[in-house]
There are 2 protein chains.
Amino acid sequence: MGITRFIDNGGQTPDLDALVDPAPMEALKLINLRKSTHVLLIYGDMVASYEGRAKSQLEDLMPRLVISKPDGTFMVHESNKEKPRLWNPPPSTLYVSMNLGILTLRSVRVNPREVVIVDIPVIRFVGAVRLGVTSNYRVFGTEDDLVNAIVNNPSIVEDDLQVIAREYHTIVGDIDILGRDSRGNLVVIECKRNQAGPEAVNQLKRYVEHLSQKEGRSVRGILVAPSISSTAYRYLRQYGLEFRRAQRSNSLGLSPP
Amino acid sequence: MGITRFIDNGGQTPDLDALVDPAPMEALKLINLRKSTHVLLIYGDMVASYEGRAKSQLEDLMPRLVISKPDGTFMVHESNKEKPRLWNPPPSTLYVSMNLGILTLRSVRVNPREVVIVDIPVIRFVGAVRLGVTSNYRVFGTEDDLVNAIVNNPSIVEDDLQVIAREYHTIVGDIDILGRDSRGNLVVIECKRNQAGPEAVNQLKRYVEHLSQKEGRSVRGILVAPSISSTAYRYLRQYGLEFRRAQRSNSLGLSPP
DNA sequence: TACTACATTTCGCCC
DNA sequence: GGGCGAAGTGTAGTA
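Only a predicted model underlies this, so the values are computations on that prediction, with no experimental measurement involved.

Visitor: What's the story with the packing of helix α3 (residues 198-215) of chain A against helix α3 (residues 198-215) of chain B in this structure? I'm lost.
Guide: The description of two helices packed together rests on the angle between their axes and the distance between the axes. Between α3(A) and α3(B), the least distance of the axes is 10 Å, while the angle of their chain directions is 95°. By the criterion of interaxial angle, the relationship of α3(A) to α3(B) is roughly perpendicular. Residues Pro198(A), Glu199(A), Asn202(A), Gln203(A), Lys205(A), Arg206(A) and Glu209(A) of α3(A) touch α3(B), and the partners they reach there are Pro198(B), Glu199(B), Asn202(B), Gln203(B), Lys205(B), Arg206(B) and Glu209(B). Here the residues of the contact of α3(A) with α3(B) are counted per class, giving two nonpolar, four polar and eight charged.

Shown next, in the form of structure tokens:
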């Protein structure tokens, strides 16, 4: 039998519990005690199954790691890959039970209905840790930053470009930036934070086609990205669309012409 | 001081190590000892930063969970969400060091160059677990399964439909299924495993346009999916494209007309 | 709730 | 290694 360690915290709920080689009943108790407040780490030999939008099974009994978060996040991790092998995204609900001495975890998601079931005949470790959440989290260098830079200074795309609207809604989707050039032509600007592929060109083409049809006159389309694949570039030129290179940096300036 | 527990395994590398409230040096040793073979779990109060394709920082010191896998996967998890707050995908390399008694983790990815740095002034727990990898993993209900079902029985899309090719390569992308209808018209079939949006319609439109131009005659386009958004449907009809509902199930049959 | 598009997407396949 | 597109995508924003 392993170590059972409920850390004493003066009657308060501890931030950390760690059970090594616990009895299934011990594990079950700790999981139920902490599942709504702590992140649970469960290590052991397990099999698992998933059914919902799709379906899959992990039939081979082998050591895996289950991570459960209080918001309902449920993941079954293996030795490689960033993505869990099986999972349920939040919000989901975790149910724990014991059948014939075997611990079973059931994560249930309601919409869409998805169920992950994990049977753990051998429980090697159960941990419960209290984690924080960063507020006011910010990532720099997103597409949105690029759009902002252009809206604040349209000349980095083209001289005398006027911005008419940002996030311009159309029936075929949202246009990043709608502008007007020095000759009075409408200009659709589609921004990508990394290399543009055929899909990006197609997206721009869709907006331009729609708008030129609706307006009854030709509309320019400019794809702004740090780079573009050769296939995508041919495709773009074929439809008379334009490409403008954007410096790929966190300061998000545009390169000189 | 906490529990230090290197599990004795008769001289062999154990599958599980668990250190509660370890000294930084203890933690460092265990991490270096196991980082290339085990999945590491590191819990404590930490700050972190990321710089690479984008940039962000977790400046507030708070309890978080680091998970490191032997393939280089590196994740900083918080109390909610499925996705880690900060991460490096495999393959990356983990470096551990101590500066002024503070444990520092550095995960470095080479291409593209990305670095995640984690400073852990308070180490509450370090665990090392050996996990498996499922081989021959299979998910049922993918787009590929839907394409297969149609290729095996084209009549579920339309009577007397003949399949000419699957994954038909064109300059503008790969067509899921190319067929010919009872009247001899070419038919482009685009499959989606879940609700189709404007992007899916756009994709089909791109293929149909390309092919009809190349062949010099009209080409039909059919979007096969479990459902379609109302906007996307209007868009689809506007361009004379067709929609065929596919039953959203793991057996992947198509619903009757 | 539905819909849309981004993402440090990740991942797998094919060239 | 680059290009391309799917994914049980997850996630945020908006109507």
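Visitor: How should the pattern of salt bridges be read in this particular structure?
Guide: Oppositely charged side chains can pair when the atoms bearing their charge come close. Applying the stated criterion across every chain, the model contains 32 salt bridges over all chains. Close ionic contact of Glu78(B) with Arg85(B) constitutes a salt bridge, the shortest N to O distance being 3.5 Å. Relative accessible area serves as the criterion here: at 2%, Glu78(B) is assigned to the buried category. Note on Arg85(B): relative accessible area 23%, which makes it partly exposed. Measuring nitrogen to oxygen at the nearest pair gives 2.7 Å for the salt bridge that ties Arg220(B) to Glu242(B). Here Arg220(B) is found in strand β14 (residues 220-225), whereas its partner Glu242(B) is found in strand β15 (residues 242-245), with 22 residues between them in sequence. Linked by salt bridges that have partners in common, Glu158(A), Asp181(A), Arg220(A) and Glu242(A) make up one network.

Visitor: What is the right way to look at the protein's contact with DNA strand C in this model?
Guide: The full set close to DNA strand C counts 29 residues, and Lys192(A), Arg193(A), Arg53(B), Trp87(B) and Thr231(B) are the nearest of them. Close to the protein, within 4 Å, the atoms of DNA strand C belong to sugar or phosphate groups at a rate of 83%. Contact between DNA strand C and Thr231(B): a phosphate oxygen at 2.6 Å from a side-chain N or O atom of the residue. Of all the elements in the fold, those that place two or more residues in the surface near DNA strand C are β12 (173-180) and α3 of chain A together with β6 (86-88) of chain B. The element contributing the most residues to the surface near DNA strand C is α3(A), with three residues. When grouped by side-chain class, the residues that make up the surface near DNA strand C number ten nonpolar, seven polar and twelve charged.

Visitor: Explain the relation of the copies chain A and chain B to me, please; I cannot follow it from the model alone.
Guide: Copies of the same chain, two in number, are related to each other by a rotation about an axis and a translation along it. Superposition of chain A onto chain B requires a rotation of 179° combined with a translation of 0.0 Å along the rotation axis, giving an RMSD of 0.4 Å. Expressed as a symmetry operation, the mapping of one chain copy onto the other fits a two-fold axis. Taking the C-alpha atom as reference, chain A places Asn202(A) closest to the rotation axis, 3.7 Å from it. The share of interface residues of chain A whose copies in chain B are also at the interface is 100%, consistent with both copies meeting through the same surface.

Visitor: I tried to follow the protein's contact with DNA strand D on my own but got confused; where do I start?
Guide: Among the 27 residues in the neighbourhood of DNA strand D, the closest are listed as Trp87(A), Ser229(A), Thr231(A), Glu82(B) and Arg193(B). Among the atoms of DNA strand D lying within 4 Å of the protein, the sugar-phosphate backbone contributes 80%. The separation between a phosphate oxygen of DNA strand D and a polar side-chain atom of Arg53(A) is 2.9 Å. The separation between a phosphate oxygen of DNA strand D and a polar side-chain atom of Gln195(A) is 3.1 Å. Elements with a minimum of two residues in the surface near DNA strand D: β6 (86-88) and α3 of chain A together with α3 of chain B. Top contributing element to the surface near DNA strand D by residue count: β6(A), with three residues. Considering only residue class, the surface near DNA strand D consists of seven nonpolar, nine polar and eleven charged.

Visitor: Looking at this model, I keep getting lost on the pairing of β14(B). Mind explaining?
Guide: Remark: a regular strand shows side chains that alternate across the two faces of the sheet. Residues and elements named next belong to chain B. Burial analysis of β14 places six of its six residues in the buried class, which makes it a mostly covered element. Taking every second residue as pointing to the same face, both faces of β14 are buried, with Arg220, Ile222 and Val224 on one and Gly221, Leu223 and Ala225 on the other. Judged from the five bridges that link them, strand β13 (residues 186-191) and β14 form a sheet pairing that is parallel. Within β14, the position partnered with Glu190 by the bridge is Leu223. The sheet contact formed by β14 and β15 spans four bridges and is parallel. Residue pairing in the sheet places Ala225 in a bridge with Arg245 of β15. Running through helix α4 (residues 230-238), the crossover from β14 to the neighbouring parallel element β15 is right-handed.

Visitor: How should I be thinking about the layout of surface pockets in this particular structure?
Guide: It is a probe the size of a water molecule, rolled over the atoms, that shows where empty space is left. Space inside the largest pocket adds up to approximately 360 Å³. Lining the largest pocket are 18 residues, with Tyr137(A), Val139(A), Lys83(B), Arg85(B) and Trp87(B) sitting closest to its centre. The biggest single contributor to the lining of the largest pocket is β6(B), with three residues. In terms of residue class, the lining of the largest pocket is made up of eight nonpolar, three polar and seven charged.

Visitor: Quick question: what am I supposed to make of the environment of Asn88(B) here?
Guide: Relative to the helices and strands, Asn88(B) resides in strand β6. A C-alpha to C-alpha distance of 7.4 Å links Asn88(B) and Glu114(B), two positions 26 residues apart in sequence. When near neighbours in sequence (up to four residues on either side) are disregarded, Asn88(B) contacts Glu82(A), Gly72(B), Thr73(B), Phe74(B), Ser107(B), Val108(B), Arg109(B), Glu114(B), Val115(B) and Val116(B). Within the structure, Asn88(B) has its side chain in polar contact with the backbone oxygen of Glu114(B) (distance 3.4 Å).

Visitor: Just to check I follow, could you spell out the sheet that holds strand β11 (residues 162-170) of chain A for this structure?
Guide: The strands that make up a sheet pair up through hydrogen bonds in the backbone, lying either parallel or antiparallel. Residue and element names in this part refer to chain A. Reading across the sheet, the five strands line up as β11-β12-β13-β14-β15 and stay open at both edges, with mixed pairing between neighbours. Edge positions in the open sheet fall to β11 and β15 (242-245), since each of these has one partner strand only. Here the average twist between neighbouring strands, direction ignored, is 30°. Note: β12 against strand β13 (residues 186-191), four bridges, orientation antiparallel. Paired with Gly179 across the strands is Val187, a residue of β13. Here helix α2 (residues 143-152) sits on the sheet and contacts β11, β12, β13 and β14 (220-225); the angle it forms with β11, its principal contact strand, is near 145°.

Visitor: Would you mind showing me how to read α2(A) here?
Guide: Because an α-helix completes one turn every 3.6 residues, residues spaced three or four positions apart along the sequence face the same direction. Those residues of α2(A) that sit buried are Asp145(A), Leu146(A), Val147(A) and Ile150(A). On its buried face, α2(A) is in contact with β10 (139-140), β11, β12, β13 and β14 of chain A.

Visitor: Could you clarify how one ought to interpret the sheet that holds strand β11 (residues 162-170) of chain B in this entry?
Guide: Residue and element names in this part refer to chain B. Read from one edge of the open sheet, five strands run β11-β12-β13-β14-β15, paired in mixed fashion. Unpaired on one side and paired on the other, β11 and β15 mark the two borders of the sheet. Averaged over all pairs of adjacent strands, the angle between their axes in this sheet comes to 30°, without regard to strand direction. The strands touched by helix α2 (residues 143-152) are β11, β12 (173-180), β13 and β14; relative to β11, the strand with the most contacts, the crossing angle is about 145°. Along the sheet face, α3 touches β11, β12, β13 and β14 and points at about 160° away from the line of β13.

Reading the values: the criteria
- Numbers given for residues are sequential positions, taken from 1 along each chain in its written order.
- By the order in which they are written, chains take letters starting at A while ligands take numbers starting at 1.
- For a predicted model such as this one, the threshold for reporting local features is a pLDDT of at least 70, and the threshold for listing and counting side-chain atom pairs is 80 or more; totals across whole chains, interfaces and linings nevertheless cover every residue.
- Think of the side-chain values as coming from all heavy atoms in the structure, minus any hydrogens and water.
- Whenever a helix is involved, its axis is fitted only over the stretch in contact; in every case the axis is a line through C-alpha atoms, and angles between N-to-C directions fall within 0 to 180 degrees.
- Secondary structure is summarised from DSSP: a helix means a run of H or I of at least four residues, a strand means a run of E of at least two, and numbering begins at the N terminus for each.
- We call two directions roughly parallel when the angle between them is under 35 degrees, roughly antiparallel when it is over 145, roughly perpendicular when it lies between 65 and 115, and oblique otherwise.
- Any pair of residues with heavy atoms lying within 4.5 Å of one another is described as a contacting pair.
- Amino acids are sorted into nonpolar (Ala, Val, Leu, Ile, Met, Phe, Trp, Tyr, Cys and Pro), charged (Asp, Glu, Lys and Arg) and polar (every other residue, Gly among them).
- Only one rule defines a salt bridge in this text: a Lys or Arg side-chain nitrogen within 4 Å of an Asp or Glu carboxyl oxygen.
- Buried, partly exposed and exposed residues are distinguished by accessible area as a fraction of the type maximum, computed with a 1.4 Å probe on protein chains only: under 20%, between the cut-offs, and over 50%, respectively.
- Residues are classed as near a molecule or strand on a simple rule: at least one heavy atom within 4 Å of it.
- Contacts described as polar in this section are N or O atom pairs within 3.5 Å, which, within protein, must combine one atom able to donate a hydrogen with one able to accept it, while residues neighboring in sequence count only if both atoms come from side chains.
- What sets the superposition is a least-squares fit of C-alpha atoms, and only residues with pLDDT of at least 70 in both copies go into it.
- Paired strands, as defined in this entry, are two strands with at least two bridges between them according to DSSP.
- Place the viewer so that the strands point away; then a crossover is right-handed whenever the path from the first strand over the helix to the second strand goes clockwise.
- With a 1 Å grid spanning the protein atoms alone, the term cavity applies to any set of points in which a 1.4 Å probe fits but cannot get out, the term pocket to an open set with protein on both sides within 12 Å along at least five of seven lines, and the term lining residue to any residue with an atom within 4 Å of a point.
- Grid points are joined across faces, edges and corners, and a volume is the space filled by probe spheres set on the points.

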